[in-house]
Amino acid sequence: MRCVLAGVGVAALGFSLGGVWTARADSRPAPKGPDEDGTKPALVKIAGEGMMDSHAFQYLTELSDDIGARVTGSPAERKAEEWGVAKMKAIGLENVHMEKYQLWRGWTRGTAQGELLEPIRRPLHVDAMGWTGSTPAGGAEGEVVTANLFNIDEEIKNVPKYSGKIILVVMRGAPKKNVDLLFAIFGDFLKAASKAGAIAVIGGQGGSKASGMNLTHTGILGFDADFSIPVLSMTAEDQGQLERYIESGRKVRVRCTVQNTFTKGPVDSANVIGEIRGRENPEQVLVVGAHLDSWDLSEGTTDNGTGSASVLGSAEAIVRSGMRPRRTIRFVLFTGEEQGLDGSFAYMKQHQSEMANHLGDLVLDLGQGPVKEFQLGGRDDLVASFRPFAQSLWSIRDIPVNDKVESGTDTLPFSMAGLPGINMDQDSPEYKYTHHSPADALEAVKPEVLAQNATLMALTAYWIADRPERFASPWPAEKTAKMLRAQQQYEMLKAFGLWKFGDLGAEDKSRNEPPQN
């Protein structure tokens, strides 16, 4: 989720901001890159500050080691908000403040223990999923039986068979629905299993198995979703053993003790905001963001301390360069992302009257790796305009551009508003291990990669905000709905109750039907 080296700095950094100008078949001029649109001198200065004097890793170290896990609505998350405000003020941002909103319900992790009783006896490595319930205080034990995620509709119909059992979710055969829908329906299964009297569910993130290395992975199981039944993530190694026992026909019996706590009502949270005001059109706003909240099995470094540190590092690089863009850059540390993008949805609601003047948002939230792709959140009309800028970064990294919608982070609310929710996709192969796991710690991050990502965020933000032509305006609802359907987002958004467009964008099948005689 950095004007010191102007002329000489380009050579020293290996940084080139050359644009590309080619004639187009329809005689329209090609989109302009930094060489042609006048933004290059400022970008060179920002690049020098970002690459040669970055404090991003320092910010990440403080966030990881001094604050640590930051579950939304917790005292640690409030401490992180105060830290974010202090950092933005120290950097020199303007209009620094918190924007409060409420989370539907708070949750605190307690203890989670598992023990295999039959056919052998040994401890099991488990952790509770977020916003899930507890066993009786003394624990509970039962026979382990499987439920097939890929046939979840049938499992819901036959849920009485799970009474008094511990459910182990497996994936057998081929899925009958897409993965997003399975994730949504999994919540229905948990509610049905709880009502039927199941003891607990070993189900991980939407029924998926952990990634290995004896790690568990926590997380929430829907958008603003909580469940009274205990739901556990188990290490892949332990789960594999249970599956082998069951497949061979051996009886498996497990004891688990899970103690978590819910609040009785809503809890407060807040987004942290600071700005670099535009010099010509301050009312036009580009949001640059990442989520400040995290899960609680470790320090929350790669999800999403790296994004938060990049936001602060990018802001600092621009401020220190002395450059002020034509339009406002609003830096936002969202909270509540892990519970269902609550902070970014709250931002959209609180700033609804300003949306016509928003240019979009730019987010980094995919681990610890270098930026590998710019995804423009469904705005295929902007790819050609953006590509010359991306090509100007060739000496830092070759970064392709496409119009993909990333629905798993704070870009989604902006894409749903018809704006470019720009995701800085990352090459993070180790993220599958650190994601929501006990390994999500500072040791997973390379300072030089973080500095580069923060610099790329700064350059992208400044170019969008400073180019002579406005980069984007929001699409109307019908065009947005059609795009979201084309991007395969409709079923997922509908399943989670997020689809707000009714029948807009749906294909009119009557147009394709043959005329009646």
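Residues numbered from 1 in each chain as written. Predicted model: local features only at pLDDT ≥ 70, side-chain atom pairs only at ≥ 80, totals over all residues. Heavy atoms only, no water.

## Re the overall build of the protein chain
Right, so step 1: Helix and strand content of the protein chain: 16 helices and 16 strands.
Right, so step 2: Here the protein chain has a C-alpha radius of gyration of 24 Å; the compact-globule value for 517 residues is 24 Å, and the two agree.
Right, so step 3: Accessible surface computed for the protein chain: about 20400 Å², of which carbon and sulfur atoms make up 50%.
Right, so step 4: Here the protein chain contributes 55 positive and 66 negative side-chain charges, whose respective centroids are spaced 3 Å apart. (Helix = DSSP H or I, 4+ residues; strand = E, 2+ residues; numbered from the N terminus. Rg over C-alpha atoms; globule rule 2.2 N^0.38 Å. Areas by Shrake-Rupley, 256 points an atom, 1.4 Å probe, with all protein chains shown as cover. Lys, Arg positive; Asp, Glu negative; His and termini not counted. Charge placed at Lys NZ, Arg CZ, Asp CG, Glu CD.)

## Quick word on the sheet that holds strand E10 (residues 267-276)
Picture the strands of a sheet paired through backbone hydrogen bonds; they go either parallel or antiparallel.
Right, so step 1: Here 8 strands make up an open sheet; going across it, the order is E1-E10-E12-E11-E13-E16-E14-E15 and the pairing mixed. Either end of the sheet is taken by a strand with one partner, and the two such strands are strand E1 (94-103) and strand E15 (401-402).
Right, so step 2: Two strands pair when backbone bridges link them, and E10 and strand E12 (residues 327-334) are joined in this way by 5 bridges, in the antiparallel orientation. Note on E12: the bridge partner recorded for Ile276 is Ile329.
Right, so step 3: Contacting E10, strand E11 (281-291) and E12, helix H9 (residues 301-321) runs over the sheet at an angle of about 145° to E11.
Right, so step 4: Sheet strands in contact with helix H14 (residues 447-466) are E11, E12, strand E13 (358-363), strand E14 (371-375) and strand E16 (421-426), and its direction is about 140° off that of E12. (Pairing = 2+ DSSP bridges. Contact = heavy atoms within 4.5 Å. Axes fitted to C-alpha atoms, helices over the stretch in contact; angles between N-to-C directions.)

## Quick word on the confidence of the model for the protein chain
Right, so step 1: Mean pLDDT over the protein chain works out to 93, with 93% of the residues at or above the 70 mark.
Right, so step 2: The element-level mean pLDDT for the protein chain is lowest in helix H1 (residues 7-13), coming to 29, with E12 highest at 99.
Right, so step 3: Taken as a whole, residues 509-517 scores under 50 in pLDDT and shows 1 contact with residues more than four places along the chain or in a different chain. (pLDDT = per-residue confidence, 0-100.)

## Some thoughts on the packing of aromatic side chains
Right, so step 1: Counted by the stated rule, this structure contains 18 aromatic pairs.
Right, so step 2: The interplanar angle of 80° and the centroid separation of 6.0 Å between the aromatic rings of Trp131 and Trp295 together place this pair among those described as edge-to-face. Residue Trp131 is found in the loop between strand E4 (126-128) and strand E5 (140-148), and its partner Trp295 is found in the loop between E11 and H9; the two are separated by 164 residues along the sequence. For the pair formed by Trp131 and Trp295, the shared burial category is buried. (Phe/Tyr/Trp six-rings, centres within 6.5 Å; stacked < 30°, edge-to-face > 60°. Buried < 20%, exposed > 50% of the residue type's maximum accessible area, 1.4 Å probe, protein only.)

## Concerning the nonpolar core
Right, so step 1: Ranked by size, the top nonpolar core spans 63 residues in total, and within it Val288, Phe331, Phe374 and Phe386 carry the most contacts.
Right, so step 2: No other element matches the 11 residues that H14 contributes to this core.
Right, so step 3: Within the second largest apolar cluster, 23 residues are counted, among which are Phe186, Ala192, Leu221 and Phe227. (Core = buried A, V, L, I, M, F, W, Y, C linked by side-chain atoms within 4.5 Å.)

## What to know about the pattern of salt bridges
Right, so step 1: Following the criterion strictly, the structure yields 23 salt bridges and no others.
Right, so step 2: For the salt bridge of Asp296 with Arg109, the shortest nitrogen-to-oxygen distance reads 2.9 Å. Separated by 187 residues along the polypeptide, Asp296 in the loop between E11 and H9 and Arg109 in strand E2 (residues 107-118) bring together distant segments of the chain.
Right, so step 3: The class of Asp296 is partly exposed, set by a relative accessible area of 22%. (Salt bridge = Lys/Arg side-chain N within 4 Å of Asp/Glu carboxyl O.)

## A few points about the pairing of E14
Right, so step 1: A large share of E14 lies buried, amounting to 4 of its 5 residues.
Right, so step 2: In terms of strand pairing, E14 meets E16 through 4 bridges, oriented antiparallel. Bridge pairing in E16 links Phe374 to Met424.
Right, so step 3: For E14 and E15, the ladder comprises 2 bridges, and the chain directions are parallel. Its bridge partner lying in E15, Gln375 is registered against Asn402.
Right, so step 4: Between the parallel pair E14 and E15, the chain is carried across by helix H11 (residues 383-391), and the sense of this crossover is right-handed. (Right-handed = clockwise from strand over helix to strand, strands pointing away.)

## Re the side chain of His217
Right, so step 1: Tracing the backbone shows His217 in the loop between strand E7 (200-202) and strand E8 (231-234).
Right, so step 2: When its relative accessible area of 7% is taken as the criterion, His217 is described as buried.
Right, so step 3: A distance of 3.5 Å separates the side chain of His217 from the backbone nitrogen of Ser211, its partner in a polar contact.
Right, so step 4: Polar side-chain contacts of His217 include one of 2.6 Å to the backbone oxygen of His435.
Right, so step 5: When neighbours within four sequence positions are excluded, His217 is seen to be in contact with Met129, Gln205, Ala210, Ser211, Ser233, Lys432, Tyr433, His435, His436 and Ser437. (Polar contact = N/O pair within 3.5 Å; in protein donor to acceptor, adjacent residues only side chain to side chain.)

## Details of the sheet that holds E2
Right, so step 1: A sheet is described by the order of its strands in space; here 8 strands give the open sequence E3-E2-E9-E5-E6-E7-E8-E4, paired in mixed fashion. The open sheet terminates on both sides in strands that have one partner only, identified here as strand E3 (122-124) and E4. Shown here is a sheet whose adjacent strand axes are inclined to one another by a mean of 35°, direction ignored.
Right, so step 2: Of the pairings in the sheet, the one linking E2 to strand E9 (residues 253-262) comprises 9 bridges and is antiparallel in character. Residue pairing across strands places Trp107 opposite Phe262, the latter belonging to E9.
Right, so step 3: The strands that helix H8 (residues 236-247) touches are E2, E3, E5, strand E6 (166-170), E7, E8 and E9; relative to E6, the one it contacts most, it runs at about 100°.

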